[in-house]
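Observations on the three-dimensional arrangement
The chain contents come next:
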Amino acid sequence: MLVLRIGLIGFGVASLPLLVGAVLFLAFVLRQRTVRHPILPLDLFRVRNFWTGNVSTTFIYGALALNGLVVVVYLQEGAGLPATLAGLASLPMTILLILSSSRVGALSGRWGPRFFMTAGPLTMGVGALLLLTVDTDFSYWWQVLPSMIVMGAGLALTVAPLTSAILGSIEPERSGIASAVNNAVARVAGLIAIALLATIVGGALDLEGFHRSAIVTAVLMIAGGITSFFGIRNPDRAQGSGIGAP
């Protein structure tokens, strides 16, 4: 009974900031609906590619934050790698992103972002599932590196088209606030994923918890790809860039 009471008290303390945050967010939205010059024009969310792109961002960047933290921590605590090597484990993702982003951005401008925003997250989902090969008999080269390469390829397919789809759907004079919203969505998604880490891994980041995290990462990535497939629309070439299209 004492344990139950302590648990309920802990839940109450932890849920209070969430409740306060929800109330403040609701008040902010109501304020933006009534003020003459809102800092966040809510009509932005009537634009299909904008709101759909931000939903995809929520899934994708939540998954990236979760995967980034879990891989680094587990490689130190579970696999016994030094902190420096654990931090360098995901370097192939960064290299592939740097080498490929400009080319992918050009192709996205030619063909439209929908294919890339679908294929990229799905590819990263496959890469996350490759982490299920990590075992107690650990090998970075055979168990982690293939996942980092596949996820890096998917990330390169995703980032530039995602940004162009969201910002390209909004008038140039409001691209600043559109970019700010997308960045905020990405950061909040990452924070939520990290806040749920203990629940995701089952309370301990052992091998089983690491595998659970890989599965959740894959599910979030796949959800981002599916959202993009059904929600994102390529600009109508006959109308130019399609800015402001609903």
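It should be noted that the structure appears before, not after, this text.
These notes cover the structure that comes with them. (Residues numbered from 1 in each chain as written. Predicted model: local features only at pLDDT ≥ 70, side-chain atom pairs only at ≥ 80, totals over all residues. Heavy atoms only, no water.)

1. Quick word on helix 4 (residues 91-111)
Rule in force here: Secondary structure elements follow DSSP: runs of H or I of four or more residues count as helices, runs of E of two or more count as strands, with numbering from the N terminus. In this analysis, the expected span of each helix is defined as 1.5 Å times one less than the number of residues it contains. Each residue is placed in one exposure class: buried if its accessible area under a 1.4 Å probe, protein chains only, is under 20% of its type's maximum, exposed if it is over 50%, and partly exposed if it falls in between. Any two residues whose heavy atoms approach within 4.5 Å are treated as being in contact.
Here helix 4 contains 21 residues, and its C-alpha end-to-end distance of 29 Å stays within 8% of the 30 Å for a straight helix at 1.5 Å per residue. Taken together, the buried positions of helix 4 are Pro 92, Met 93, Ser 101, Val 104, Leu 107 and Ser 108. Buried-residue contacts for helix 4 involve helix 2 (48-77), helix 3 (83-88), helix 5 (114-130) and helix 6 (140-168). Phi turns positive one or two residues past the end of helix 4, at Gly 112, with a value near 95°.

2. Structural notes on the packing of helix 5 against helix 9 (residues 207-231)
For clarity, the threshold we go by: With axes taken as lines fitted to C-alpha atoms, and helix axes fitted only over the stretch in contact, angles between N-to-C directions fall between 0 and 180 degrees. Each angle receives one of four descriptions, namely roughly parallel if under 35 degrees, roughly antiparallel if over 145, roughly perpendicular if within 65 to 115, and oblique otherwise. Whether a crossing is left-handed or right-handed is set by the direction in which the near helix is turned from the far one by less than a right angle, anticlockwise for left-handed and clockwise for right-handed. Three classes are used, and their members are as follows: Ala, Val, Leu, Ile, Met, Phe, Trp, Tyr, Cys and Pro are nonpolar, Asp, Glu, Lys and Arg are charged, and the others, Gly among them, are polar.
The contact between helix 5 and helix 9 brings their axes to 8 Å, and the two run at 170°. In this view, helix 5 runs roughly antiparallel relative to helix 9, as classed from their interaxial angle. Crossing angle aside, the handedness with which helix 5 passes helix 9 is left-handed. Of the residues in helix 9, those touching helix 5 at Arg 114, Met 117, Thr 118, Pro 121, Leu 122, Met 124, Gly 125, Ala 128 and Leu 129 are Ala 214, Thr 217, Ala 218, Met 221, Ile 222, Gly 224, Gly 225, Ser 228 and Phe 229. When grouped by side-chain class, the residues that make up the contact of helix 5 with helix 9 number 11 nonpolar, 6 polar and 1 charged.

3. Focus on the packing of aromatic side chains
Applicable threshold: A pair of aromatic rings is counted whenever rings of Phe, Tyr or Trp (Trp by its six-membered ring) have centres within 6.5 Å, and the orientation is called stacked for planes under 30 degrees apart, edge-to-face for over 60 and tilted otherwise.
In this structure the tally under the stated criterion is 6 aromatic pairs. For the ring pair Phe 229 and Phe 230, a centre distance of 5.1 Å and an interplane angle of 85° mean the geometry is edge-to-face. Looking at Phe 229, the relative accessible area reads 39%, which means it is partly exposed. Of the residues examined, Phe 230 reaches a relative accessible area of 56% and is grouped as exposed.

4. A word on the pattern of salt bridges
The condition is simple: Think of a salt bridge as a Lys or Arg side-chain nitrogen and an Asp or Glu carboxyl oxygen that are within 4 Å of each other.
Considering all chains together, one arrives at 3 salt bridges under this definition. A salt bridge links Asp 43 to Arg 174; the nearest nitrogen and oxygen atoms lie 3.1 Å apart. In this pair, Asp 43 sits in the loop between helix 1 (2-34) and helix 2 while Arg 174 sits in the loop between helix 6 and helix 7 (175-195), placing the two residues 131 residues apart along the sequence. For Asp 43, a relative accessible area of 31% gives the class partly exposed. With a closest N to O distance of 3.6 Å, Arg 174 and Glu 171 form a salt bridge.

Note that every value here comes from positions in space, so none of it alone points to a role or purpose.
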